[in-house]
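# Analysis of the macromolecular model
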Protein chains: 2
Amino acid sequence: MNEFDFISQLRKRVRSRQSSDRVITGIGDDAAVLEVSPGCELVITSDLLIEDIDFRRNSAPPWLLGHKALAVSLSDIAAMGARPFCSLLSIGLSSDVWNSNFKDEFYEGYLAIADRFGVTLVGGDVSESKEKTVIDSIVLGEVRTGRAILRSSAQPGDQIFVTGTLGGAAAGLRLIELGARVNQEPGGRSQEADPPSLDGSRGISPTVRVGSDSNSDDDSIQALLLRQLRPDPRVGWGIVLGEEQLASSMIDISDGLSSDLAHLCDESGVGAVIESSSIPIDKDVIRLCGRRALDPLALALHGGEDFELLFTVAPENAARLPKRVDGVQVSRIGEVTGATGTIRIREKNHEWELEPEGFEHFS
Amino acid sequence: MNEFDFISQLRKRVRSRQSSDRVITGIGDDAAVLEVSPGCELVITSDLLIEDIDFRRNSAPPWLLGHKALAVSLSDIAAMGARPFCSLLSIGLSSDVWNSNFKDEFYEGYLAIADRFGVTLVGGDVSESKEKTVIDSIVLGEVRTGRAILRSSAQPGDQIFVTGTLGGAAAGLRLIELGARVNQEPGGRSQEADPPSLDGSRGISPTVRVGSDSNSDDDSIQALLLRQLRPDPRVGWGIVLGEEQLASSMIDISDGLSSDLAHLCDESGVGAVIESSSIPIDKDVIRLCGRRALDPLALALHGGEDFELLFTVAPENAARLPKRVDGVQVSRIGEVTGATGTIRIREKNHEWELEPEGFEHFS
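These numbers were taken from a predicted model, which means no experiment stands behind them.

Our next topic: the nonpolar core. Note that soluble globular proteins tend to have their nonpolar side chains buried in a common cluster. With 43 residues, the main nonpolar core has Leu257(A), Ile274(A), Ile279(A) and Leu310(A) as its most contacted residues. Ignoring any residue separated from it by four or fewer positions in sequence, one finds Leu310(A) in contact with Ile160(A), Phe161(A), Val162(A), Ser249(A), Met250(A), Ile251(A), Ile253(A), Leu257(A), Asp260(A), Leu261(A), Leu264(A) and Ile333(A).

As C-alpha cells, this is what we get:
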C-alpha cells in the first residue's frame, strides 16, 4: 500500500465519525479549511515525538502511542484555557514499520481519544523515515476573545493550584526501564470503541510482566505504567478555567513541577512558595517507593509527563473554583510571591530554594 | 545551550521582525493564540521532511533547507487560494547537529522567506533525535469564507493551466546526485536580509563544483540546483486566484504533473487531455538534457517538487486570468474532460494515456 491509498483509507475512517462542524474541508486536499466562530481566537500547538528519545516502540502497543501523541497536544490546548476542535498528524515510518500493523493500531488509539474530546483529524503528512518513527502532533482549539490563559500573567498573592496527582508518569517510566509492560487482554481491545479505563477493567488486564511483586503491587505498577503511557489531558479543567476566567496564569506539567513552575514564574516575573505537604503525590508512587528507597516527593517535584495543569488564581476567585471537573480534583499547593525568579518550598519548619530539575533536551 | 535557551533566543529573533497583527501570543507559551478575521476561513497544512528521504544534509547549506521547509507548506496554502499569515516549526536534531551552527543558519533561511511572505513564526517544538534531522513545517493561511479552491471542483470543459515552468526541480535533484553543489560566496549571505536571487546575482555565486561543463552549462546547472533546493512558492498566484474566484480547482505540483493532475481528476471525478507542446518545460532542462540523452518532457511530466500551481478555469473566466503575477507567467496546457479517471496527452497527431509516474513513498 502506498501513502495515497493509506490516506484515502484514513479519510474514510475519519469521515465515518462524528466531525466538528467547524471543518469545511478535512483530509485529502492540499490543506484543511476550518471555520472559526466569531468572537473566538484560535489556539494552536505542535509536539514532536521521536522514537528512542520520547518513546520506545517496544514498550507499549501502538494504540497507546497513538493515544499519547494526541494527549500531549490536547494538554497544551487545555493549558491555554481553550477548547480543542481539530488536529493534524505528521508521521514518518520506516518501510518495515509501514508494512506491519503498527499504523492501523496507532491511528485506532489516536482516533479513540480524538472522538472522546470531540476533535476531528483534518490533515497532516505521511512520510518515509530511514529507521526511527517520528510523530508531530498538531492540535487547534478555540477560546473566547481575550480569554486565553497565558503563562505570563500570575500576580504576587495569587494562589497556586495543580490538578490530579504528580509523580506517577515518572514512576511509570522507571518501571518501563525496569522491564514492566502493560498487557492487552487476548483479542481484547480491537473490538472496543473506548480506550481502556485507568483501573484496568477495560482493555488492559491488570497483569504485568514484572519480577516478584505481590498482587496489590501489580495493581499499582499497572496504574503507574498507564500514567506514563496513557496520559489523560485535563481538557475539561482547561475549558472551565478559561470560560469562567478563573485562572490568572496556567501551564501544563510536561517537564516536571519544579521546571514548569519556574517557566511560569519566569514568564510572569514573579516567584513562588509551595508547601511540601500539599503536593498531591500519586498514591501508587507512595506505595511502591516505600519498598524501593525512592523519594516520592522528588518524583512529584521533578518527574515529567504527568500532564496535569498548574495554574494560579487571584484570592478573590479562589472560592469559585470547582472541587472537581470530570472526576479530577485540584490541590492548592502554594502562593505566588514578588521574589522574582525564586521558588521556595516549605516543609514543616524548614524552607529551601527549589531548583528546576525537570526534563530538558540538550542539557 | 539547552532547548529553553534556544527557544528564548528564537523568540527574540522573531519579535524583532515585522509580525502579523493576527498574532495575539506567539512563541513561548503552551500554544500560540491567533486572531482570525470575520468572514474568513482558516487554512492549515503540515509537511514532514526527514533527512536522507526528503533531503540530504550535505547537499546544501542549512539556510536553503530552512527556506525549503517553509516553501513547501506555503505552496500548499497557495494551492488553496489562501493568504498565509503564520507558521509553526517542529524540529528534531541529533546532539551533534544541535551543537553545530546548523540551527542558526537553518532558522535564518526559514525566517528570511517567512518575512518575504508576511508570515510570523508563532510556535512549534524542539526535540532531540537519535541521528537524522526531522522537520515538520506547519503553515496557517486565511481565505474569504467559501473561496478556498479545492481539488474536487473541476468541471468538464474547464481549461487547465500551470504556473511557471516544469522539470527543473527534478533535474536539479539528478545534478545533486551527480555531485553538483551550490557555492556560497565567502562570508556572503549571513549579512543579507534577502534570500539570494534565482539568477545567482545575490548570495550564491554561479560557480558550482561539477565536472567538465562549459560556463553557460554552469549557469544552467546553478539555476536547476536552485529550482530543487530553493523552491519559490506561488503565493501571489494563489492569493489572486482565490480572491478573484478565477480557478475552479487547484493543486500544487509536489509529486509531479502526471501524479498531481491525476489526484485533481480523481477528486473531481473528471478526466483531462493535455497538449504536449504546451507544457512549459524549464529552458535549462532543455539545454542540459540535449547533451545528456535525457527526455526533457519526461522530467516535466513526472518530475516532482517544482511547486508550481496546477489549476482549472471555467471557459468564461479564462479571459480574466492575469498574464503574470510577481513576474511568473502561466501556461494553458489542456482541458478537463468527462472521461472520469483518464488523462490523455496529445503530441502532434498522436494521443496516448498518461500514467501517473510521480513520487510516492512506500511504492
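Working note: α-helix, 3.6 residues per turn, so residues spaced by three or four point in the same direction. Residues and elements named next belong to chain B. When we look at burial in helix 9 (residues 283–290), the residues that qualify are Asp-284, Val-285, Leu-288 and Cys-289. All buried residues of helix 9 project into a common sector of 125° when viewed along the axis, lining one side. In this structure, helix 9 carries Lys-283 and Gly-290 as exposed residues pointing more than 90 degrees from its buried face.

Attention now moves to empty space enclosed by the protein. Counting across every chain of the model gives 4 cavities of 30 Å³ or more. Each pocket or cavity is described by its volume, and for the largest cavity that value is around 120 Å³. Lining the largest cavity are Ile50(A), Ser129(A), Lys130(A), Glu131(A), Lys132(A), Val134(A), Ile50(B), Ser129(B), Lys130(B), Glu131(B), Lys132(B) and Val134(B). Broken down by class, the residue content of the lining of the largest cavity amounts to 4 nonpolar, 2 polar and 6 charged.

This part covers the state of the cysteines. Throughout the structure, instances matching the rule amount to 0 disulfides over all chains. Cysteine Cys86(B) remains unbridged, with the sulfur of Cys40(B) as its closest cysteine sulfur at 13 Å.

Attention shifts here to the relation of the copies chain A and chain B. Mapping chain A onto chain B leaves a residual RMSD of 0.0 Å; the transformation is a rotation of 180° accompanied by 0.0 Å of translation along its axis. Taken together, the rotation angle and the small translation identify this as a two-fold axis. Here 100% of the interface residues in chain A have copies in chain B that are interface residues too; the copies meet face to matching face.

This brings us to the pattern of salt bridges. Using the criterion set out here, one finds 41 salt bridges over all chains in the structure. Here Arg227(A) ties to Glu308(A) by a salt bridge, and the two come within 3.1 Å at their closest N and O atoms. With Arg227(A) in helix 6 (residues 215–229) and Glu308(A) in the loop between helix 10 (296–302) and strand 12 (309–313), the pair connects residues that are 81 residues apart, well separated along the chain. Looking at Arg227(A), the relative accessible area reads 12%, which means it is buried. Owing to a relative accessible area of 0%, Glu308(A) belongs among the buried residues under this scheme. Put simply, Arg83(B) and Glu243(B) hold a salt bridge, and the shortest N to O gap is 3.2 Å. Separated by 160 residues along the polypeptide, Arg83(B) in strand 4 (residues 83–93) and Glu243(B) in helix 7 (residues 235–243) bring together distant segments of the chain. Overall, Arg83(B) belongs to the partly exposed group, its relative accessible area being 37%. Each member of the salt-bridge network shares a partner with another, and the members are Asp52(A), Arg56(A), Glu131(A) and Lys132(A).

Under the definition given, this model contains 14 aromatic pairs over all chains. In textbook terms, an aromatic cluster arises when at least three aromatic residues are bridged by ring pairs, as seen for Phe6(A), Trp98(A), Phe102(A), Phe106(A), Tyr107(A) and Tyr110(A). Against the face of Phe85(A) rests Arg22(A), its NZ or CZ located 5.3 Å from the ring centre. One cation-aromatic arrangement involves Lys103(B) over Trp98(B); the distance from NZ or CZ to the ring centre is 4.4 Å.

Moving on, we come to the sheet that holds strand 1 (residues 23–25) of chain A. Read across the open sheet, the 6 strands follow the order 1(A)-2(A)-3(B)-6(B)-4(B)-5(B); overall the sheet is mixed. Here the strands that pair on one side only, and so sit at the sheet edges, are strand 1 of chain A together with strand 5 (120–128) of chain B. Here the strands of the sheet are splayed against their neighbours by 20° on average, with no regard to which way each runs. Where helix 4 (residues 102–116) of chain B meets the sheet, it contacts strand 4, strand 5 and strand 6 (134–144) of chain B, and its direction lies at approximately 165° from that of strand 4 of chain B.

Residue and element names in this part refer to chain B. In terms of residue burial, strand 7 (residues 159–163) counts as a mostly covered element, since 5 of its 5 residues are buried. Neither face of strand 7 is left uncovered, since the one carrying Gln-159, Phe-161 and Thr-163 and the one carrying Ile-160 and Val-162 both have all their residues buried. Direction of pairing for strand 7 relative to strand 14 (residues 328–337): antiparallel, over a ladder of 5 bridges. Of the residues in strand 14, the one forming a bridge with Thr-163 is Val-330. Here 4 bridges tie strand 7 to strand 12 (residues 309–313), and the two strands are oriented antiparallel to one another. Looking across to strand 12, one finds that Phe-161 is bridged to Phe-311.

Accessible area lost during the coming together of the parts is what is often quoted as the interface size. Tallying the contact residues gives 68 residues for chain A and 68 residues for chain B. Buried area between chain A and chain B, summed over both chains or domains, comes out near 5,400 Å², and the portion from carbon and sulfur atoms is 59%. Seen at the junction of chain A and chain B, the total is 6 salt bridges. A salt bridge links Asp30(A) to Arg151(B); the shortest N-O distance between them is 3.3 Å. Taken together, the connections running from chain A to chain B amount to 24 residue pairs in polar contact (both at pLDDT 80 or more). Looking at which element gives the most residues to the side of chain A that touches chain B, the answer is strand 3 (residues 40–50) of chain A, with 9 residues.

The rules behind each value
For every chain, the first residue of the written sequence is number 1, and numbering continues from 1 onward in sequence order. All chains are assigned letters beginning at A, and all ligands numbers beginning at 1, according to the order in which they are written. Per-residue local features are limited, in this predicted model, to residues with pLDDT of at least 70; the limit for side-chain atom pairs, both in listing and counting, is 80 or more; totals at the level of whole chains, interfaces and linings are taken over all residues. Values reported for side chains reflect all heavy atoms of the structure, with hydrogen atoms and water molecules removed beforehand. Only buried residues count toward a nonpolar core, which is a set of Ala, Val, Leu, Ile, Met, Phe, Trp, Tyr and Cys residues joined through side-chain atoms within 4.5 Å. Note on classification: 1.4 Å probe, protein chains only; a residue is buried when its accessible area is under 20% of the maximum for its type, exposed when over 50%, partly exposed between these limits. The contact criterion used is simple: two residues touch if any of their non-hydrogen atoms lie within 4.5 Å. Helix and strand assignments follow DSSP, with helices taken as H or I runs no shorter than four residues and strands as E runs no shorter than two, numbered in order from the N terminus. The directions considered for the arc are those from the helix axis to the C-beta atoms. Definitions used throughout: a 1 Å grid over protein atoms alone; a cavity as a set of points that fits a 1.4 Å probe which cannot get out; a pocket as an open set with protein on both sides within 12 Å along at least five of seven lines; a lining residue as one with an atom within 4 Å of a point. Grid points are joined across faces, edges and corners, and a volume is the space filled by probe spheres set on the points. Here the term charged refers only to Asp, Glu, Lys and Arg, the term nonpolar to Ala, Val, Leu, Ile, Met, Phe, Trp, Tyr, Cys and Pro, and the term polar to all other amino acids, Gly among them. Two cysteine sulfur atoms form a disulfide, by the criterion used here, when they sit within 2.5 Å. Overlaid copies result from least-squares superposition on C-alpha atoms, with residues included only where pLDDT is at least 70 in both. Salt bridges are counted wherever a side-chain nitrogen of Lys or Arg sits within 4 Å of a carboxyl oxygen of Asp or Glu. What counts as a ring pair is set by centres within 6.5 Å for rings of Phe, Tyr and Trp (its six-membered ring), and what kind of pair is set by the plane angle: stacked under 30 degrees, edge-to-face over 60, tilted for all other angles. Geometrically, a charge over a ring is one whose NZ (Lys) or CZ (Arg) sits within 6 Å of the ring centre while staying within 35 degrees of the ring normal. What makes two strands pair is DSSP finding at least two bridges between them. In this analysis, axes come from line fits to C-alpha atoms, helices being fitted only over the stretch in contact, and the angle between any two N-to-C directions falls in the range 0 to 180 degrees. Buried area: the sum, over both parts, of the accessible surface (1.4 Å probe) that disappears when the two are put together. Counted as a polar contact is a pair of N or O atoms within 3.5 Å, where, for protein atoms, one must be capable of donating a hydrogen and the other of accepting one, and residues adjacent in sequence contribute only when both atoms are in side chains.

The values are spatial; any link to function lies outside them.
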